Amino acid sequence: MNPSILTAPPSSQHSSPFLNPTPFRFSTTSLTKRRRYRISVVRSSSATPDPLTSPPPSVASDVFGGRRELTGVQPLVDSLPPPLRLAGSALIVVGAIAAGYGIGFRFGKSHNTALGGAVAFGAAGGAAAYALNACVPEVAALSLHNYLAGCDDPGAVKKEDIEEIAKKYGVSKQDETFNAELCDLYCRFVTSVLPPGSEDLKGDEVETIIKFKSSLGIDDPDAAAMHMEIGRRIFRERLETGDRDGDIEQRRSPVQAFQKLVYVSTLVFGEASKFLLPWKRVFKVTDAQVEVAVRDNAQRLYAFKLKSVGRDVDVDQLVSLREAQLSCLLSDELAEDMFKEHTRKLVEENISTALSILKSRTRAVLFSRGATPVAEELNKVLAFNYLLISLKSHPEADRFARGVGPISLIGGEYDGDRKMDDLKLLYRAYVADSLSSGRMEENKLAALNQLKNIFGLGKRETEAIMLDVASKAYRKRLAQSVSGGDLEAADSKAAFLQNLCDELHFDPKKASEIHEEIYRQKLQQCVADGDLNEEDVAILLRLRVMLCIPQHIVEAAHADICGSLFEKVVKDAIASGIDGYDDDVKKSVRKAAHGLRLTREAAMSIASSAVRKIFVNYVKRSRSSGNRIEAAKELKKLIAFNSLVVTELVADIKGESSDAVSEEPIKEEEVQVEDDDDEWDSLETLRKIKPREDLTSKLGRRGGQTEITLKDDLPERDRTDLYKTYLLYCLTGEVTKIPFGAQITTKKDDSEYLLLNQLGGILGLTDKEIVEVHRSLAEQAFRQQAEVILADGQLTKARIEQLNEVQKQVGLPPQYAQKVIKNITTTKMAAAIETAVSQGRLNIKQIRELKEASVDLDSMLSESLRENVFKKTVDEMFSSGTGEFDGEEVYEKIPLDLNINAEKAKGVVQELARTRLSNSLVQAVSLLRQRNRSGVVSSLNDLLACDKAVPSKPLSWEVPEELADLFAIYTKSDPAPEKMSRLQYLLGISDSTAATLREMGDKVLQIGAEEEFVF
């Protein structure tokens, strides 16, 4: 089967590739018993009635064709009943035999001739009788055909009528001719019942076909064969209209007809259709394609049933839908999706209507009336949704159609970001309608929640819409309460406002924000002329009391609104510069500071913010200067700006004289500096920044304000660096270049130090920080010269006098000079001591002498160097040859002097003792062989010293005689008895051997020496 022939183009409704694209072949062995039937197809073109409003349609009488006339002997057969027909047949045969016998006898004059004539005429009569009875099935079939053709309603045919016809002619239903007519009639009926082309099933086809099949009494195999024949006819029709260039609808029609045949046949035969209808074998279709055909037609039929479901659906309709779903063989999942889709489309109709109303030209009018038409449409949606929710919880919900429940727009026309804005508009309109009465009812809140779920809106989106609409409603109610005097007449304003929020279900915090916004708007109106008079203050106070606005909100509003106006005035004043700060500017500043009713703190805060930005700009220019002189000049401009502009600005804000403002900080500075005169009297630069009468009279007693500083804008290090830059400028003066590469340094008078004092105030430096800058600069100069004088670290009397002279020159206090000198000498000494330790020239005795001289060795020597000194001291003790080991000295005193860990030192001693113990024995034997008696004794003493540190077990040696020689030599050195006893134990010499060795004395040594020589 050509796939282009059997596969229909994609359809807009329930399209599915049903037929297998493999070539179709007719099989002669597809059925166990094959009959050929006459099939005449007559379609009914009557209009499609509604099965819900009209009775099942009757098939027209021309379905089975016109009446057929009897020919030949058929009328005679039709008129004779079966008994009479059989008797007549017998009479014909008997009469023929008798006639033949008589004729034969007459002409032949013999008995044989008579018998021959009887046989001949009997055969002819038998043939005539046979012919008469043989046409009985055809007559019965014609009678059956004419009976059905004459019926106005073939669906009303009864089984008894068919059996009566068969009985009338004495034929069986299994007779081939009669059964063929039955099959032909059934095939015509089924063909006429199935909707032609792309028409959908109406739902009564299966019942009509089953009833007619039962009336005919046709067997299921024969009926199934007719369904297969109809399928072959559709296939042939598809081949005839299978032109690729033909009409798409024309090529799709046979495919849809075949799908409807498969679906109806499956319902007619039920489970038996699996083996009675071999679609897969005959038409080469798969089980999946059969399932698709059943599913698609079931969906179409169920969709037809769903058209009767409206917004007033009831229990009976849902039960009927469930029964229809089961009879259509539609799965619960598909039925649920189709029911939800149907309810969603019903809701979408209301939504579309509401949107068309909302977006019409009269939208403004609708909103002014509360958007009632839109709300009515949405109320229909909510009522339908509530009905479905209540039906879902019905006690008999299991009998209802699947999919009953809350409505959702997901998957529909309004499921998308583009449509979400329209849904928000509808939700906003419903909220506005709910608040149109000036209060929010509880049932409206529940309805809004349902509408949110139906529309699929998020919590934040709905809350934002609710807040916006409720804010407008609250403002309206609040305006009515204020204009009507209800709010002002209320005993408790807070209770009145809270009740207003409760009626509108409005958040009191949002209401407070609205109150603040109203107050700010009123304040902006009052200060539009740049001033707040008494009347404005009274109005604002009344509004604040009515709206219950807290004090801190009022202050913040004044600081924001009035502060912005005042900030503009301050910026204009600052922008006027040093030369432009005249009386007009001063007057505008004073008017703004006092007319806007700002507190002094708020006004100073605003001015401080603007001024500090200018200060920072001066600092940036100073840092970006090419040299120290240019940087100091920028700082000098900063000082002048502060003295001539900022000081005047602060005075105008406070309403005071600028002289009072400038004199007060000077007096404070005098007191603070005088407190430190005794300690810092030698710092000449610090004395110069004190204001003196001659200098202040020279400068006109103009100081600078110190309330606005850069303390919080710059880190301490940056501020001290700026101060140090100007201090160096005061010390070194200004350098002027002249021709021929020469330069002249111009010293500055002491007036620069007064400017330095003002710079310290601008930078926000404390007296302690200023003193520290002066001291560090003097200390730096003293250290540079002291390091040259003390290059070798030796401090002599002449050098001390030289250092004192330098200290007086730079003006550094004596105690700081001594600290610098000590630091330099200590550093030099530390280097020398470290070198001595590294070279091994420093022992524990010298270290103790240094500590007695108050030398801090812990800071000069690292811990590793001190541990090396300890290890070297212990090693010298183990190699001294005395045999002595003082545990207290080694484990306690020496670690304490060197400030090292005692436990760690003990471990070092034990490890070193174990190593030296074995080495001392080897060294003693080696010296024995060299005949060095004193060396032997020293090595044995070292062995005993190591044994005292770490007691050892008896030692072993390859030549025991050498151990005896060692013991003998040691006995001649007059050792202490305890040393002799311990050495005897360590060398493993028995008491008898030891006594013998003492008696023999030098003789043993001489013999041993001779033996060694011989060897």
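Attention now moves to the overall build of the protein. Within the protein, the regular secondary structure consists of 47 helices and two strands. Residues counted as buried form 44% of the 1015 residues belonging to the protein. For the protein, the proportion of contacts with a sequence separation of at least 24, taken over those separated by at least 6, is 75%. Accessible area for the protein stands at about 53,600 Å²; split by element, carbon and sulfur atoms hold 52% of it.

The angle between the axes and the distance between the axes are what describe a pair of packed helices. Remark: helix 17 (residues 372–392) packs on helix 19 (residues 442–455), axes separated minimally by 10 Å, with the N-to-C direction vectors making an angle of 85°. Classified by the interaxial angle, the pair formed by helix 17 and helix 19 is roughly perpendicular. Residues L378, V381, L382, N385 and Y386 of helix 17 form the contact with helix 19, whose participating residues are A447, Q450, L451, I454 and F455. Taken together, the residues that form the contact of helix 17 with helix 19 break down as eight nonpolar, two polar and no charged.

Let's shift gears to the side chain of E962. Tracing the chain through its elements places E962 in helix 44 (residues 960–971). Dropping the residues within four chain positions of it, E962 is found in contact with V925, L928, R929 and W957.

Now for the pattern of salt bridges. The full count for this structure, using the stated rule, is 35 salt bridges. Across the salt bridge formed by K274 and E271, the nearest N and O atoms sit 3.4 Å from each other. The same class applies to K274 as to E271, namely exposed. Between E707 and K654 there is a salt bridge whose closest N-O contact spans 1.7 Å.

Our next topic: the nonpolar core. Y186, W279, F455, Y474, F566, L649 and Y726 are the most contacted members of the largest nonpolar core, which has 184 residues in total. In terms of residue count, helix 29 (residues 628–654) provides more of this core than any other element does, 11 residues in total. When near neighbours in sequence (up to four residues on either side) are disregarded, Y726 contacts A632, L635, K636, I639, E752, L755, L756 and L759. Within the second largest apolar cluster, 44 residues are counted, among which are I900, A924, V950 and A964.

Let us now look at the state of the cysteines. Taken as a whole, this structure holds zero disulfides when the rule is applied. Cysteine C526 is unpaired, with the sulfur of C562 as its nearest cysteine sulfur at 9.3 Å. Residue C526 is classed as buried on the basis of its relative accessible area, which comes to 7%.

Time to look at the packing of helix 41 (residues 887–898) against helix 42 (residues 902–929). Packing of helix 41 against helix 42 brings their axes to within 9 Å, and their N-to-C directions diverge by 130°. One way to sum up the angle between helix 41 and helix 42 is to call them oblique. The interaxial crossing formed by helix 41 with helix 42 has right-handed handedness. Every residue of helix 42 that contacts helix 41 at V890, Y891 and P895 is listed here: A902, A905, K906, V909 and Q910. When grouped by side-chain class, the residues that make up the contact of helix 41 with helix 42 number six nonpolar, one polar and one charged.

Once that is clear, we can look at helix 34 (residues 751–762). Compared with the 16 Å implied by 1.5 Å per residue over 12 residues, the 17 Å span of helix 34 between its first and last C-alpha is a close match. Along helix 34, the positions that sit buried rather than exposed are S751, E752, Y753, L754, L755, L756, N757, Q758, L759, G760, G761 and I762. Among the residues trailing helix 34, G764 stands out with phi positive, at a value near 75°.

Turning next to the environment of S920. Among the secondary structure elements, S920 is positioned in helix 42. We classify S920 as buried; its relative accessible area is 2%. As for S920 and F878, which are separated by 42 residues in sequence, their C-alpha atoms are 9.3 Å apart. The residues touching S920, leaving out its near neighbours within four places in the chain, are S939, D942 and L943.

Right, let's get into the environment of Y263. Assignment of secondary structure puts Y263 in helix 10 (residues 248–269). In the structure, Y263 is positioned 28 residues away from E291 in sequence and 8.9 Å away in space, judged by C-alpha atoms. Sequence-distant contacts of Y263, defined by excluding residues within four places in its chain, comprise L201, A293, V294, N297, A298, L301 and C328.

Counted at 1.5 Å a residue, the expected span for helix 14 (residues 315–327) with its 13 residues is 18 Å, and the 19 Å between its end C-alpha atoms agrees. Of the positions making up helix 14, those classed as buried are L318, V319, L321, R322, A324 and Q325. Directly beyond the C-terminal end of helix 14, a positive phi value near 60° is found at L329.

Moving on: the packing of aromatic side chains. A complete count under the given rule lists eight aromatic pairs for this structure. Measuring from centroid to centroid gives 6.1 Å for F615 and F641, while their planes differ by 85°, and the two rings are edge-to-face. You can see F615 sitting in helix 28 (residues 600–623) and its partner F641 sitting in helix 29, a full 26 residues away along the chain. With a relative accessible area of 0%, F615 lands in the buried category. Ring centres of Y726 and Y729 lie 5.5 Å apart, and the angle between their planes is 45°; on these two criteria the pair is classed as tilted. With a gap of three residues between them, Y726 and Y729 both fall in helix 33 (residues 716–732), about one helical turn apart.

So, about the environment of E349. Note on placement: E349 falls in helix 15 (residues 332–358). By relative accessible area, E349 is classed as partly exposed at 46%. Expressed as a C-alpha distance, the spacing of E349 and V381, which sit 32 residues apart in the sequence, is 9.5 Å.

The phi torsion at L329 lies on the positive side, around 60°, for a residue other than glycine. Note on placement: L329 falls in the loop between helix 14 and helix 15. Non-glycine residue R931 carries a positive phi angle of around 60°. Position of R931 among the secondary structure elements: in the loop between helix 42 and helix 43 (933–949).

Taken residue by residue, the protein gives an average pLDDT of 76. The fraction at 70 or more is 75%. With pLDDT under 50 throughout, residues 1–61 is counted as low confidence; its partners more than four residues away or in other chains account for 122 contacts. Segment residues 661–680 is flagged for pLDDT under 50; beyond a separation of four residues in sequence, or across chains, it makes 24 contacts in the model.

Rules of the game
- Residue numbering note: each chain is counted from 1, following its sequence as written.
- Totals for whole chains, interfaces and linings use all residues, but because this is a predicted model, local features are given only for residues with pLDDT of at least 70 and pairs of side-chain atoms are given and counted only at 80 or more.
- Hydrogens and water are ignored here; the side-chain numbers use all heavy atoms of the structure.
- Here a strand is any run of E in DSSP of at least two residues, a helix any run of H or I of at least four, and the numbering for each starts at the N terminus.
- The buried label applies to any residue whose accessible area, calculated with a 1.4 Å probe on protein chains only, is under 20% of its type's maximum; exposed applies above 50%, and partly exposed to all values in between.
- The criterion used for residue contact is that any of the two residues' heavy atoms lie within 4.5 Å.
- Surface exposure here means Shrake-Rupley accessible area, sampled with a 1.4 Å probe, where a residue is shielded only by the protein chains that are shown.
- Angular values range over 0 to 180 degrees, each being the angle between N-to-C directions of two axes fitted as lines to C-alpha atoms, with helices fitted over their stretch in contact.
- Between 65 and 115 degrees an angle is taken as roughly perpendicular, under 35 as roughly parallel, over 145 as roughly antiparallel, and anywhere else as oblique.
- In the scheme used here, Gly and all other residues not listed as nonpolar or charged are polar, with Ala, Val, Leu, Ile, Met, Phe, Trp, Tyr, Cys and Pro taken as nonpolar and Asp, Glu, Lys and Arg as charged.
- Any Lys or Arg side-chain nitrogen found within 4 Å of a carboxyl oxygen on Asp or Glu counts as a salt bridge.
- For this analysis, a nonpolar core means a set of buried residues of the types Ala, Val, Leu, Ile, Met, Phe, Trp, Tyr and Cys, connected via side-chain atoms within 4.5 Å.
- Disulfide assignment relies on a single distance test, namely cysteine sulfur atoms paired within 2.5 Å.
- Crossing handedness: left-handed means the near helix sits turned counterclockwise from the far one by under a right angle, and right-handed means the same turn made clockwise.
- An expected span of 1.5 Å times one less than the residue number is assigned to each helix.
- Ring pairs are drawn from Phe, Tyr and Trp, using the six-membered ring of Trp, whenever the two centres fall within 6.5 Å, and their geometry is named by plane angle: stacked under 30 degrees, edge-to-face over 60, tilted for the rest.
- The predictor rates its confidence in each residue with pLDDT, a number between 0 and 100.

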